[in-house]
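# Chains, contacts and geometry: an overview
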Amino acid sequence: MMSGSWDGNNDPGSQSDDSLLFERLHIEPIYDAFVCPLTKQVMRDPVTSENGQTFEREAIEKWFKECKESGRKLVCPLTLRELKSAELNPSLALRNTIEEWTARNEAAQLDMARRSLNTAGPEKEALMALRYVQHICRRSRSNKHIVRSAGLIPMVVDMLKSSSRKVRCRALETLRIVVEGDDENKELLAEGDTVRTVVKFLSHELSKEREEAVSLLYELSTSETLCEKIGSVNGSILILVGMTSSKSEDVSTVEKADKTLENLEKYENNVRQMAENGRLQPLLTHLLEGPPETKLSMAGILGELVLDNDVKVFVARTVGSSLIDIMKSGNMQSREAALKALNQISSCEPSAKVLLEAGILSPLVNDLFAVGPHLLPTRLKEISATILASVVNSGEDFDMIPLGPDDQTLVSEDIVHKLLHLISNTGPAIECKLLQVLVGLAISPTTVLSLVSAIKSSGATISLVQFIEAPQKDLRLASIKLLQNLSPHMGPELADALRGSVGQLSSLVKVISENIGITEEQAAAVGLLADLPERDLGLTRQLLDEGAFVMAISKVIAIRQGEIRGTRFVTPFLEGLMKIVARVTYVLADEPDAVALCRDQNLAALFIELLQTNGLDTVQMVSAIALENLSLESKNLTKLPEVPEPTFCASFFSCFSKPPDTSGLCRIHRGKCSLKETFCLYEGQAVLKLVALLDHTNVNVVEAALAALCTVIDDGVDIEQGVTVLCEAEGVKPILEVLLEKRTDNLRRRAVWAVERLLRTEDIAYEVSGDQNLSTALVDAFQHGDYRTRQIAERALKHVDKIPNFSGIFPNMG
């Protein structure tokens, strides 16, 4: 007989242990006739052999089978006497008696379990009670109905609140066993907050509770009703998705989490949550294989997701073609969902290229240009334009991708004209995206010339310039970026449009002058102005009137002094500012205000300082070019000393005349010079800094520096003194080396000119006359240069006696 409580010393750990233990814990005694002599356990299906012995059917049939397979005689396992037949007769009366006895004992044991399932009770009793519930449910499926009818399921659920981790784990395990294969028990568990409680155990990292909770949720997820319930618990899908990708979880736990998610895919809302948390495959599978309404729903979800770029590429490869098909042939609702999804996945370069390969370009353009019944509403045209802008900015060669059967491309004149027409006749949102399309086409060297030709033939330049004044920042930015990309190819047309319009130039200057750090819009605006023809006097005068140069100079100084912090646009912004400021030096001879500005702002000193901005080649090059322009004007600005009128005696006798006072005069310009007033490079000590740039790795910087140095030995100055200044700055050898390197034709032409001037000095000519490399370089220029270069090279060779100077023999033929 069993006592009034569970034996606290017994805590079985396996199913076989449970059977042995719980068969010993009976309210009524076990009769010997109930026990199978082979299994030593209470029989469930007793049968009698021909000799009257009773056994468990399964056990005796196994015995008979072993006898037959081993070739032995058929004998009774108890008496070992031979049997004539293996025929077995069911012992119905004994079976009924055993079942009645079992039912009475199980009822009593269930009642005891009910009393022991108490969170306040002893842990060992609770563990034993839970194990008994597992045992009885495992014995037969019908017992699960008994457990439910006895009201034990809510009691087991309450044990999840126990302070004992062991009890909580066993309660989770018990619930899993109770609901396995029993839909009614699952529905009962779906009531209240039980599912939410189970989900909470998932947050217990690397614990037995977590493993048991996953196993239980897997069983529950086989019920459609509970699939929705599990997915509705906040965080459940997120945790399960995280577990499937965990490297530290038990393999079986990961598999159970994965299978649970597979079951949860039955509900669209669960699929949405999985996609939002990085498990996209269910959504993509539904989109590819589901019925039309499911495809529509999945496309709608995809259009709302925020995806990483790598994921966008995967999605584009998986469902890009399907989405394009929906976009082309579906109803308006389906087309909208597909467009939104395509918009989401096209926004990075690699995925945009995948969509291009899938054939997205033609239907996109058709949607934008469609009229009549196929006309897209404005909101969808905006999405189409956005996708087109994304794919165009992917860097592909759009002059090679056909649009339709007539071999047109995106840069065909007719297509560009249609795009320009749309830009002029739609709202700001679509205008902005279509301008971005043109920006992408203008970036590519393979399409920009075709685009420029189409814009010129359409007469749309003025219309494009007008967008500079758009109040919408995105629209204004797109237009300025487009014009910046076009300016190297249609600078005169853009300069004319800016000069002839009212407000656009002012708007550009205003954008640049804003004190908000350095934005992409400011960098683009600076780049646009920087690339316009620098010798356009009218544009420069207008910029002077706008105060653009003073503003640009102040920005340059602020950047140099660290008042404007560096951003990713700081370098192009500074380079563009320098080009804008430098353009004032191209009109010095024609514009007195330009000279005044250079003096007031002491621009020559600024350019000399910027020669030393290592790492900013463009800034160094532009500074050297500007110094060349300023230095060329020095001879016109230098004040020559006044020579007094000779006296009567001095006109007849030179001994009475006084030589002019040369103290304080510039050696090169022979007058009163200064860096600030006459832009004299010698007075500004710039020669040494320019010479230092002659060994620069960037040939454009070298050419600009050499051009500036050439102004000190140019016509109109004291060439002999200029050469002396170059000698003092140790510039002769670097200039000769520039000629020897022969990096570009322009640089060789400039170097030949400079070397010829240097060789006019006998000492230099004598010193280098034996340099065979120099002679070879001059001969090469003499043989292969243009007409002007050959003439100069010939004179240089005469200086070093490599070509006879016939002028001394035939003076009249000089």
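Placed above this text is the structure.
Residues numbered from 1 in each chain as written. Predicted model: local features only at pLDDT ≥ 70, side-chain atom pairs only at ≥ 80, totals over all residues. Heavy atoms only, no water.

### Some points on the overall build of the protein chain
Basically, it comes down to this: What counts as a helix is a DSSP run of H or I of at least four residues, what counts as a strand is a run of E of at least two, and both are numbered from the N terminus. C-alpha atoms define the radius of gyration, and 2.2 Å times the number of residues to the power 0.38 defines the globule rule. The buried label applies to any residue whose accessible area, calculated with a 1.4 Å probe on protein chains only, is under 20% of its type's maximum; exposed applies above 50%, and partly exposed to all values in between. By the convention used here, residues are in contact when the closest approach between their heavy atoms is within 4.5 Å. When charges are counted, Lys and Arg are positive and Asp and Glu negative, with His and the chain ends excluded. Lysine's charge is taken at NZ, arginine's at CZ, aspartate's at CG and glutamate's at CD.
Of regular secondary structure, the protein chain possesses 43 helices and three strands. The C-alpha radius of gyration of the protein chain comes to 47 Å, more than 25% above the 28 Å expected for a compact globule of 814 residues. Dimensions of the protein chain, computed from C-alpha atoms along their principal axes, come out at roughly 170 × 65 × 60 Å. Within the protein chain, buried positions represent 50% of all 814 residues. By sequence separation, contacts in the protein chain at least 24 residues apart represent 66% of the contacts at least 6 residues apart. Both charge centroids of the protein chain, one from 87 positive and one from 112 negative side chains, sit 4 Å from each other.

### Brief notes about helix α10 (residues 208–220)
As a reminder, the rule being used: Multiplying 1.5 Å by the residue count of a helix minus one yields the expected span of that helix.
For α10, spanning 13 residues, the distance from its first C-alpha to its last is 18 Å, which sits close to the expected 18 Å at 1.5 Å a residue. Among the 13 residues in α10, 10 count as buried, and that is most of the element. The complete set of buried residues in α10 reads E209, R210, E212, A213, V214, S215, L216, L217, E219 and L220. Residues of α10 that are buried sit in contact with α7 (165–179), α8 (183–190), α9 (194–200), α11 (224–232), α12 (236–244) and α13 (251–264).

### Digging into the sheet that holds strand β1 (residues 46–48)
Threshold: Strands pair, by our definition, only if DSSP identifies at least two bridges between them. Comment: axis = line fitted to C-alpha atoms, over the contacting stretch for helices; angle = value between 0 and 180 degrees taken between N-to-C directions.
Taken in spatial order, the three strands make up an open sheet running β2-β1-β3, and their pairing is antiparallel. Sheet topology places β2 (54–56) and β3 (89–90) at the edges, where each strand pairs with a single neighbour. The pairing of β1 with β3 spans two bridges and is classified as antiparallel. Its bridge partner lying in β3, V47 is registered against P90. Against the sheet, helix α2 (residues 57–70) contacts β1, β2 and β3, and its axis sits at roughly 95 degrees relative to β2.

### Points about the nonpolar core
Where we set the bar: Side-chain atoms within 4.5 Å are what join buried Ala, Val, Leu, Ile, Met, Phe, Trp, Tyr and Cys residues into a set we call a nonpolar core.
Core analysis: the biggest nonpolar cluster contains 198 residues, and L283, L302, L323, I360, L388, V391 and L410 have the highest contact counts within it. It is helix α26 (residues 473–500) that provides the largest number of residues to this core, a total of 11 residues. Residues in contact with L283, not counting those within four places in the same chain, are V271, A275, M298, I301, L302 and L305. Counting 50 residues, the second largest nonpolar core, distinct from the first, contains I136, V195, L216 and L217.

### Some words on the packing of helix α39 (residues 732–741) against helix α40 (residues 745–759)
Packed helices, taken two at a time, are described by the angle between their axes plus the distance between the axes. This is how the line gets drawn: Comment on the angle field: the value is read as roughly parallel under 35 degrees, roughly antiparallel over 145, roughly perpendicular from 65 to 115, and oblique elsewhere. Crossings are sorted by hand: turned counterclockwise from the far helix by less than a right angle, the near helix makes the crossing left-handed, and turned clockwise it makes it right-handed.
Two numbers describe how α39 lies on α40: the axes approach to 8 Å, and their chain directions differ by 140 degrees. By the angle between their axes, α39 is oblique relative to α40. Note on packing geometry: the crossing formed by α39 with α40 is left-handed. Residue-level inspection shows V732, I735, L736, V738 and L739 of α39 in contact with α40, the latter providing L747, R748, A751, V752, A754, V755 and L758.

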